[in-house]
Structure formats: C-alpha cells, structure tokens
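Residue strings, one per chain:
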Amino acid sequence: MSTSQISPVEQKGAGVATYLDERVGSNGFLRRNLNKVFPDHWSFMLGEVALYSFIVVLLSGVYLTLFFKPSMVEVIYDGPYIPLKGVKMSEAYDSALNISFEVRGGLLMRQIHHWAALFFMTAIAVHMFRVFFTGAFRKPREMNWVVGVSLAMVALMAGFSGYSLPDDLLSGTGLRIAEGIVLSIPIIGTWASFLLFGGEFPGTDFISRLYGIHILLIPGILLALITVHLMMVWVQKHTQFPGPARTNNNVVGYPLMPIYMAKAGGFFFLVFGIIVIIAGLVQLNPIWIFGPYTPDQVSAGTQPDWYIGWLDGALRVMPNWEIQAFGYTLSLNILIPALVIPGIITTLLIAYPFIEAWASGDKREHHLLDRPRDAPTRTALGVMAITFYVLLWIGGGNDIIAVGFDLSINSVIWALRISLIVLPPIAFVITKRICLALQRRDREKLLHGRETGQIMRMPNGEFLEIHAPLNEEERAKIIAKPQVKPLPQPPETDSSGVRNPKLKKDKRRAKISQFLFGDTIAAPTGEEIAHADEHLAHEVIEDAPVMAEEEALQIAHDGSVLESPGTSGKS
Amino acid sequence: MSDSKDLTPASSGAPATTSDTQQALRPGAWPRAEVEHHLRRTDTDPRAQKRAVRQVSTMFLLSALMVVLFIVAFIAIPRDAVITLPYIGAIGALNAAMGVTFGLAIFLIGAGAVHWAKKLMSDVEVVQERHEMKTDADDTAVAADIYEVGKETSGFAKYPVIRRTMLLAMALVPIPFIVSLRDLWLTPPGVTTPSEELLVTLWKPGMRLVTDITYQPVRADDIPVGGLVNVVPADLPLVEEEEHNLNARAKAAAIVVRMTPDEIQSQQGEGWDYEGILAFSKICTHVGCPISLYQQRTHELLCPCHQSTFNLADSANVVFGPAARRMPQLPITVDDEGYLVAVSDFKEPVGPSFWELKESYS
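Calculation rules
Residues numbered from 1 in each chain as written. Chains lettered and ligands numbered in written order. Predicted model: local features only at pLDDT ≥ 70, side-chain atom pairs only at ≥ 80, totals over all residues. Heavy atoms only, no water. Helix = DSSP H or I, 4+ residues; strand = E, 2+ residues; numbered from the N terminus. Rg over C-alpha atoms; globule rule 2.2 N^0.38 Å. Buried < 20%, exposed > 50% of the residue type's maximum accessible area, 1.4 Å probe, protein only. Contact = heavy atoms within 4.5 Å. Lys, Arg positive; Asp, Glu negative; His and termini not counted. Charge placed at Lys NZ, Arg CZ, Asp CG, Glu CD. Patch = residues over 30% accessible without salt bridge, like charges linked within 9 Å, V, L, I, M, F, W, Y side chains within 5 Å. Areas by Shrake-Rupley, 256 points an atom, 1.4 Å probe, with all protein chains shown as cover. Salt bridge = Lys/Arg side-chain N within 4 Å of Asp/Glu carboxyl O. Domains from an automatic or database assignment. Buried area = accessible area lost by both parts, 1.4 Å probe. Polar contact = N/O pair within 3.5 Å; in protein donor to acceptor, adjacent residues only side chain to side chain. Nonpolar A, V, L, I, M, F, W, Y, C, P; charged D, E, K, R; others polar. Pairing = 2+ DSSP bridges. Phe/Tyr/Trp six-rings, centres within 6.5 Å; stacked < 30°, edge-to-face > 60°. Lys NZ or Arg CZ within 6 Å of the ring centre and 35° of its normal.

Q: Mind showing me how you'd approach the overall build of chain B here?
A: Across its full length, chain B carries nine helices and 14 strands. At 38 Å, chain B has a C-alpha radius of gyration far larger than the 21 Å of a compact globule built from 362 residues. Projected onto its principal axes, the C-alpha coordinates of chain B cover approximately 105 × 80 × 45 Å. Within chain B, the proportion of its 362 residues that are buried is 44%. Of the contacts formed within chain B by residues at least 6 apart in sequence, a portion of 58% connects residues at least 24 apart. In chain B, which carries 31 positive and 43 negative side-chain charges, the distance between the mean positions of the two groups comes to 10 Å.

Q: When you look at a positive patch on the surface in this model, what are you seeing that I'm missing?
A: Residue and element names in this part refer to chain B. Taken together, the side chains of R47, K50, R51, R54, K118 and K119 define a basic patch exposed on the protein surface. When contributions to the positive patch are tallied by element, the ones reaching two or more residues are α3 (46–76) and α4 (93–119). On the basis of relative accessibility, which here comes to 36%, the residue K119 falls in the partly exposed class.

Q: Any chance you could explain the domain arrangement of chain A here in plain terms?
A: Interfaces are often described in size by the accessible area the parts lose on coming together. We note that the domain assignment places domain 1 (1–33), domain 2 (42–241 + 255–293) and domain 3 (448–558) within chain A. Here the C-alpha centre of domain 3 of chain A lies 48 Å away from the C-alpha centre of domain 2 of chain A.

Q: Where do I start with the pattern of salt bridges in this structure?
A: When their charged atoms lie close together, side chains carrying opposite charge are able to pair. Residues and elements named next belong to chain B. For the structure shown, the criterion picks out 30 salt bridges over all chains. One salt bridge connects R40 with D43, and the closest N-O pair in it is separated by 3.2 Å. Owing to a relative accessible area of 3%, D43 belongs among the buried residues under this scheme. In this structure, the salt-bridge partner of R208 is E337, at a minimum N-O distance of 3.0 Å. One end of the pair, R208, is in the loop between α8 (194–198) and β4 (209–211); the other, E337, is in the loop between β13 (332–334) and β14 (340–342), with 129 residues separating them in the sequence.

Q: How do you make sense of the interface of chain A and chain B when you look at a structure like this?
A: Taken together, the contacts link 103 residues of chain A with 94 residues of chain B. Carbon and sulfur atoms supply 63% of the area that chain A and chain B bury against each other, a total of about 8400 Å² over both sides. Ranking the residues of chain A by area buried against chain B places R104(A), E200(A) and D296(A) at the top, with a combined share of 9%. At the surface where chain A touches chain B, the tally comes to three salt bridges. The closest approach of N and O atoms between R249(B) and D296(A), which form a salt bridge, is 2.7 Å. Applying the counting criterion to the chain A and chain B interface returns 27 residue pairs in polar contact (both at pLDDT 80 or more). Looking at the side of chain A that touches chain B, the element that brings in the most residues is helix α10 (residues 256–281) of chain A, giving 16 residues. Residues of the side of chain A that touches chain B, tallied by class, amount to 48 nonpolar, 35 polar and 20 charged. As paired elements, strand β4 (residues 250–255) of chain A and strand β3 (residues 126–129) of chain B share four bridges and run antiparallel to each other. If you follow V252(A) over to β3(B), its bridge partner there is V127(B).

Q: For this particular structure, what's the right way to read the sheet that holds strand β12 (residues 329–330) of chain B?
A: The pairing of strands in a sheet happens through backbone hydrogen bonds and is either parallel or antiparallel. Residues and elements named next belong to chain B. Read from one edge of the open sheet, five strands run β4-β5-β6-β7-β12, paired in antiparallel fashion. At either end of the open sheet lies a strand with only one pairing partner, and these are β4 and β12. As judged from the two bridges shared by strand β7 (residues 277–281) and β12, these two strands associate in the antiparallel manner. Bridged to A279 within β12 is L330.

Q: Help me understand the packing of aromatic side chains in this model?
A: Centre distance and the angle of the planes are the two values used to describe a pair of aromatic rings. One pass over the full model with this rule turns up 31 aromatic pairs over all chains. Plain terms: the ring middles of F272(A) and F102(B) are 6.3 Å apart, the flat faces sit at 70 degrees to each other, and that makes the pair edge-to-face. Note that F272(A) is positioned in helix α10 and F102(B) in helix α4, a pairing that runs across two chains. Note on F102(B): relative accessible area 28%, which makes it partly exposed. Aromatic ring contacts, followed pair by pair, group Y52(A), F267(A), F268(A), F269(A), F272(A), F70(B), F74(B) and F102(B) into a single cluster. Of note, R219(B) hangs over the ring of Y339(B), and the distance from its end group to the ring centre comes to 4.6 Å.

Written out as structure tokens, the structure is:
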C-alpha cells in the first residue's frame, strides 16, 4: 500500500469523518459507495445534462425570487425602457422589466433560468429516447421509467408555469389558451376555470397563485422525483452496452472515486458554464418587446417554448368538431388535442415497459442494453411515436412555415392532418426494415468478417475483397444480441384434454408477442461462429502489401504470389 | 498498433496507474476488466505528464481570473452600453461581459477536472459484480413472519370493524381540504354559476363603440370601406378596478369592419349592420385569442393563434380551422350625433365554448 503523507487538512477531514461516523455510521456508506463502478458511454451523459441544468434552474430561480413581484396590481411603468414609459401594466411585468434593465446581472439570471429550462427539457427528451431505444426500461428498471415519464410531464408544467409568470403579452396569450382548454372540460370546465383564476379570466389572482405553484409546488415534486430517480439508479447500478468483458452480471467501467467525481463533477461545471455563456450572448424571450398583457391584443407568429409546441400544434391541426346534445356542449376540437392525445401518449409511455414484459413473459433482470436494431419492433414503434410528435410540433409553427415557404396555411394544415395519419405507420415500416437489414449485416460480418477494402485478384482473373475478423468490441456487441422468442400459440386443451378457459386471452397475448418479438434475423449459432472463425483465419491476408496497379496485375497474371484462398469470402 | 496494447500493468511511474497486484491487495478495489487497454502519452512520457498538469492548473487559474474580470465588468460597464458581435448582433455589453466571464469561470473548472481525469487519472477499466435485486428467501421469510405476528397481535385481521371504519375515516379525511378550495372563487352577490358570468358582456343598448386604447367614439362616416377599427364599450374606462377592466375587456373587445352593403352575403340578424358597417366579437370562439388578422379582399378574419378563419361577409361563419362556432355579431346603429352605438349585447356567447352552452349558434 502506498503511504502518502497525510496533510493537516486531511487530518481535519478525517476528524470530521470520524465525528459523523460516530453519530450516523457514515463510514460504512462510504466504504460501500465511494468506489462504485459506472460504465462509460456518451449517451449516459444525457441524464446528467438534465440533472445539472435542473440545479442551474434552481439556483438562478432563487435569485429571481429576490426581485420578482408576483402581483397583478396595476402600476405605471417609469423605468429606463423608453418605449413602455407611462404604460399601465401589472407589477409582475414591471418587476420583470426591472430585472431585465436595472438589476445588474438580472437579465443574465433571467436568461440563465430560461436557457437552463430549455436545456432541462431537451435533455429529458433525448435521455428518454436513449432509455427507450436501448431497452433500459426493462426489469428491474420499469418503476424508474415511470418516475422518469412523470418527471418529464411535471417538467413540462414547470416550464409552462414559468414562462407564464412575467405577464407579458406572450405569456398572457398562453394562459388565455390554457383557460380556453380548461373551459372545454365536460361538466366541471367553467367551475375549474373560475376556481383557478378566482373568477373570470384574467382576474387578479392568477399570477400570485401560479407563482406559488411554480416556485414551491412543482420544484418540490421535481426534487422528490429526481431523488427517487437517482436513488434507484444508484441501487440498481447503471446499465451498460454490450462489449468485451461486459456481462449481464457485472458493471465494467471506472470507479466513482476518483474518476467519476472528476468527470461527472466536472461535467456539471461544463454544462453550467455553457448555459451561462449562452445566456450572456443569446437573447431569448425579450418580454419588453411583447408589451404588457391585455386580453384584446396578440401578435402574429407567436410561438410557445419548444416543448409546448406539440400541444399547440395539436390544437391547430384538429378539425372543428363540436357536439351539442341534450342542451350541453362537448368541444371535441379542444378536448381531443389538449387532453385526450396527451393523455393517450402519457399512458402508452408509462405502460410500455409493462406491455413488453407481459408480451414476452420475460422475468429476467436486464442490465445489458439492447442496440436499437436488435429490437426492431420497439425501435420502429419509438420512431413512429417520434414522427407523430414531430408532426404535431411542426403543426405548432404552421403559420411560420406558411409564411416562410409562401404556402397557403390551409394546405399546410391539410398536409399535416394527412401526414399525422399516414406518416407514422410508414416510419414504422421503414425503421423496422432498416433494423432488420442492419441485423443481417451484423450476421454477415460475424460469419464472413468485415470488408477490409483490399481487393485481391485471383489467378483466374476473379476479383475478391479480403475479409478480416471483427475486433473484440464489434464482435462482443453483435454476439450480445438478445434472443427474445415470442410466446407460442396457446394450446387449446391441456394435457388431460380440458379446454383452456383463458384461450382467447392467451391467443391475443401470443399475437401481441408475435408482433413485438416475431420479426428478427436469427443470430448465428455457436457452431456457425466457430466454423466461420476457422474459415476466416485461413482467408485473412490483411497485412498483404497494397501494390501499385501494374505490379499487382503482373503478379496476379503470374499467379504465384497469393495462395488460392479457396472458396470466396465475398458477401 | 500492437505495441501500444497494454494487457500487462503499466509500470511507467505515472501516479494514477496502479498495478494489478496492488489492486488485488487493496481491500475494496475492483479487479481489472479483461479488455484491451492502450497506454496514453501521459502514462509513458513524463514530459506529457508535466504538460497535462500544467494545462489543468492553467484552466483552474484562468477560472479564478475570470472571476476578477467579472467583478471588473460589473463595476465598469454601464447598464445601457451596447456591443455588436459577429453572428449575434447588437446586445447589452454588461450582460454579455458578465455572461462570458462568469460562464468561463464555471466552464474552466469543469474543463480542468475532466482534463485531469482523462489525462492523469487511471483509465484502467474495472469490474464490479452485480447482485440480483431480490432479497434472499430467508430474509423474505423473516419479513413475512414479522408481518404475520404484527397482524395477529394487533387484531387487524380479527376485528374487521376496526379495519373498515379506519379505512372509511382515512378515505374521508382529505375532503375538508378539497372543500376549502371552494372559495378560490368568491362568488359575487346575485351570481350562482360561472356560466352566467360568461354569457353577458358590458355592451348595452345605446352604448357607444369607442376605440380600444384612446377611448374615442367612432363616427360611422369616418370608417372607409375595407377599414377595420378595434373597439370596446364606452363604459369600459369607467370600470375602475384593473380586474374588472381586464375581465370586461376580455369579453367585450370587438372589431368594426366596413364593406359595401352588397358584399354582405348574410348576417346573424336582420339589419344588424349600419350601411355596411359590421361589428363582431374580437375573442376567438376556439380558445379565446383576440383575433386580429383581417383580409379585406376576402372579408376573412384569421386567428393568429390557431388559424381559425371566419368569413365576416357571411355571418362570420367558420370557413377553416379548429373553431367550431362563428364569431358573435354585435348589432349596431348610430346615435343622433352619427356615432356608432350597440343595439344590444351580443346574442351569442363570446369566447371559447363550454359545457353549459345550450345551442350550437351557427
């Protein structure tokens, strides 16, 4: 054991550790966790980006609370921003202008807060894609997937409640739309709206109510969920991609102390620093340009933050269906895009891990990630969902698109309506085909080696490309392909001839199982691989010199240099 | 390629690379993973190592320097100074300087730490075994037993009446909190349901139409064919309190357009125009955005929020988009002085649809 000198500072530190240990037994915790191993992959940093930008949101948010006044009391602007001098506005908007123009660092903090929120939402979305497409949600991590989806939804509310607070024209318009949606809820809509707003829209209560929700309730829920999310990651250990030495029963990577303390800790500062630099240089949400909110004004081309765009897009592309019956009104044109579609999407997201587990009957723990191609139906479903989402998102900017490309707004909307039904299934089919094709290529590479780019000419004049065995890394990835078999057709009767009482149910389950896991390219058997390895070992002449064309031609004519490799290695 | 392969422990004296044997000796250290490992320059070349140390400490030092620069910028740069940057354009100099210095101060700490980890700390991958999440059978059995004993000794199973009454009490106890939320809306005297309030606006028979910002009455003769004026009821400025002012505005805001009488194909009521001047609600019947885009050639009104389109020459019926109801028309005429006045309130509900609406109004 190398014994380095213990410095006085370290001695103090040891004293603190002992003090704590004698009271809470913390050394045992350190012993178990300080050298916890984490696997390395760039995509594992996506969740970190989300976590770190959340911390940045919290820090900058605390600063903003020191200056922001969540009040709808009317004041007359008397600040340094000339165009708004003498304009009546709410105290909330006035204080937001004050933060932007008078408080040094105020605008920077506002922009840090907003940029970090955008980073947060973006990182959550991409992190979720990573987890979905690699199957990281499988047992034992289904619950953490549910926590993650809830986090995404609450984060969305955090964002919306945040940019609605400054009471500028844009945020007020967003609230008006939200109020219109609440009004459309059957039976309780008008009551819900009146209770939320303290009466008619906009009233004078809402900003202060929303403020409490935005700075206390939502961050509290987010913090609680994030804590659970991280604790589960910690307890269950991180998943890893297949590779040499990596199995379903280990974690290969670097220990927390010191590597990940430096890397992950450093990464926090990188994310934080980048957000601050962007916030210093790139303006967003210039509330002073929009002016104070008044319910009878709006500007054309208004856009919400990107993560709300898909909901706005859904509202835009929906046909105007409204049902009147028995003296009541059901606004399907609002309910379907604003509540039903988001509800279905959330439910499907939450349910997916359980659907897959149920349809496969698989009860094993999974710690090795799938490569997306190795789960073709899952990947295709994911791409299908993303296609649907992106189309809605594009819908949120249909006016910008119509103006930008000089199209009729009506044709843009009709194109989107049709695309929303037609494109997702097409995306599904194409993605699945690509996945299966990639699987075929993997099989090919495993059995016939990779293409080296070196062409060999045979004595008989035939050209061949030399193939070489894959390296360890590639090989391990391909061999790790999961073998999920769809459930077999249920027997109609059991061994003693009694009819299966759940036959219909079992059949349906087998059908879904077939859909999810049926299509796959058979992985090579061990025997095939062994045979291929032997074969390749004979064939490979990778170190053969690359010759000038003339020289090579001569030798090939002569036929004496290269041993005939026998059967071809071409694919 | 093969000479940099390192499957045997490094013995270059690099501080962070520990040998296999040492790792095996240390309690709590993980075994090395059986994977290819390439030595880095910093593992083999002491000069590269020194350079890396220098780079890391320089980054930390620069971070400290940025903090000093931040303070200088905070004090020295006036609030209204503007700086023009390539690609970005003219932005506030103070904000930019603070953002860049503060941002770099933070970023450089991270860059230093990551560089340190990548160049100087061990990059030997190790293996930690996983264990099934499941608790072993013995512990599970003990837990189950403790539960059983608890169930028996407490009488939870024995006295169902206790169990059921407790569940009942627990189910009901959140109700007072929910009921207390009722007064989030302090219902004004004479009003019983929200929909009553939503169905009336400030417009009354004989009330003048005034411009929305300067509150000037609108003379019929002053509106040219093809013109559009944003109007509110003349009483709106009298609604003192900000709350009621904005609330009243949110329902009563209207637009006045003029077309030649023969262009009018239909109206929501006979003679609701005044010599081709028509007044409509400005609040979209979809989700309540104020509608402001009017195309005078087609007489179409387009909502900028969700693109609902209404034909004002044809009773403001919906011609496209997600709105289901036409825009309510305000019957108007002129008073003795030639100013536009309302004949009555809107006859159809203004703004978004809601459950209690009894008719389709279109």
